[in-house]
Amino acid sequence: MKKVFGLVGVAALTFALAACGSSDKKESSNQLKQIQDAKVLKVATSADFAPFEFHTKVNGKDKIVGADVDLANEIGKELGVKVEFMDMEFNAVLTALDQGKADVAISGISATDKRKKTFDFSENYFVPEQLVVVKKENAEKYADVKALADKKVGAQKGSVQESVVTSQLPKAQLVSLAKVPNLIVEVKQGSLDALVLESAVAKSYVEQNPELAIADAKLKSSDNESYAIALKKDSKELKAKINKVINKLKDEDKINEFIEKNTELADKQASK
Ligand code: ARG
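Residues numbered from 1 in each chain as written. Predicted model: local features only at pLDDT ≥ 70, side-chain atom pairs only at ≥ 80, totals over all residues. Heavy atoms only, no water.

## Some remarks on the sheet that holds strand 6 (residues 104-105)
Note the cut-off: When DSSP finds two or more bridges between two strands, those strands count as paired. Each helix is a run of H or I in the DSSP string that is no shorter than four residues. Each strand is a run of E no shorter than two, and both are numbered from the N terminus. In this description, contact between two residues means that some pair of their heavy atoms is separated by no more than 4.5 Å. Here, axes are lines fitted to C-alpha atoms. For helices the fit covers the stretch in contact, and angles between N-to-C directions go from 0 to 180 degrees.
Here five strands make up an open sheet; going across it, the order is 5-1-6-13-7 and the pairing mixed. The strands lining the two open edges of the sheet, one partner per strand, are strand 5 (82-87) and strand 7 (120-121). Bridge analysis of strand 7 against strand 13 (residues 230-231) gives two bridges, and the strand direction is antiparallel. Counterpart to Phe-121 in the pairing with strand 13 is Ala-230. Sitting on the sheet, helix 2 (residues 67-79) is in contact with strand 1 (40-45) and strand 5, with an inclination near 145° to strand 5.

## Quick notes on the site of the ligand
How we decide: One heavy atom suffices: a residue is near a molecule or strand as soon as one of its heavy atoms comes within 4 Å of it. Throughout this description, a polar contact denotes any pair of N or O atoms lying within 3.5 Å of each other; where both atoms belong to protein, one of them has to be capable of donating a hydrogen while the other can accept it, and for residues adjacent in sequence the pair is counted only when both atoms sit in side chains. Reported accessibility uses the Shrake-Rupley method at a 1.4 Å probe radius. Residues are deemed covered only where the shown protein chains occlude them. In this analysis the probe radius is 1.4 Å and the grid spacing 1 Å, with only protein atoms considered; a cavity is a set of points the probe fits into but cannot get out of, a pocket is an open set with protein on both sides within 12 Å along at least five of seven lines, and lining residues have an atom within 4 Å of a point. A molecule is said to be in a cavity or pocket once over half of its atoms fall within 2 Å of that pocket's grid points.
Taken together, 16 residues lie around the ligand, and Ser-107, Gly-108, Ser-110, Arg-115 and Gln-156 are the ones closest in. The contact in question runs from a nitrogen atom of the ligand to an N or O atom on the side chain of Asp-48, over 2.8 Å. Interatomic distance of 2.8 Å between a side-chain N/O atom of Arg-115 and an oxygen atom of the ligand. The protein chains hide 100% of the 350 Å² of surface that the ligand would expose on its own. Here the ligand is seated within the largest cavity. Broken down by secondary-structure element, the contributors of at least two residues to the shell around the ligand are strand 2 (48-49) and helix 5 (160-168).

## Focus: the environment of Leu-192
Quick note on the threshold: Categorising residues by exposure relies on relative accessible area from a 1.4 Å probe, with only protein chains included: less than 20% of the type maximum marks a residue as buried, more than 50% marks it as exposed, and the intermediate range marks it as partly exposed.
For Leu-192, the position within the fold is in the loop between helix 6 (180-189) and strand 11 (194-198). The exposure class of Leu-192 is buried, given its relative accessible area of 4%. When the C-alpha positions of Leu-192 and Lys-135 are compared, they lie 9.5 Å apart, and in sequence the two are 57 residues distant. When near neighbours in sequence (up to four residues on either side) are disregarded, Leu-192 contacts Lys-152, Val-153, Gly-154, Val-175, Leu-183, Glu-186 and Val-187.

Functional significance is not addressed by these values, which are geometric in nature.
This is the structure:
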């Protein structure tokens, strides 16, 4: 009798261990499976950031387009699902991911060490530079960072540009706004003296707004600022699939192609 109990005990323990092992595995593959079962990848973004994500009209209908959208569509193809964008303020993008409202966040997001504590990140797909955007007529005035002391300098709320301003322009007055196009308007109107934006984005808005220019004042950039896709922690299988797509696109120089194509599109739309 005793022996039987012993065997049952061992069997129960083995079963428990096996169950535990498989549930661990399930945990990480679950997300990929859930997305594939739902046949849709929900992407949190802040579509105020040409050429990565911005609104445009296609046949009179509002549409979110951009290099991140092209990237997301490639991922959708790889996963065999359609892609659905959820547009919100940048400040809310990572929260939406954290709360499970979105599967991933693709929004020109810098994979900072701080954010890596809460989220997983894919491979980097773009390395930006930090640039200063000013009114064209003031461009010469802001030839170095010293000239920005005591000035009103804008940054998007919740973005790394806020800390670029506070750490590299400590004497400037930081003004945080939720949406990039609003910051652009403020610079054009002169209520902001300057605005910190990343390359590609700065270039796109300056192209769209001929009264603006990129100042010569040089800010430091860091590896911490490279763009990557944010995922929930432990999304191993999903991350592997996403990395496969990113690496392929990088090898084929497609990301740069997406950026160029969408910079042109944003420019065309602005000059309409
Ligand atoms: N790269 C910066 C950051 O991660 C800014 C990103 C802003 N993205 C946007 N879609 N508005 O903080």
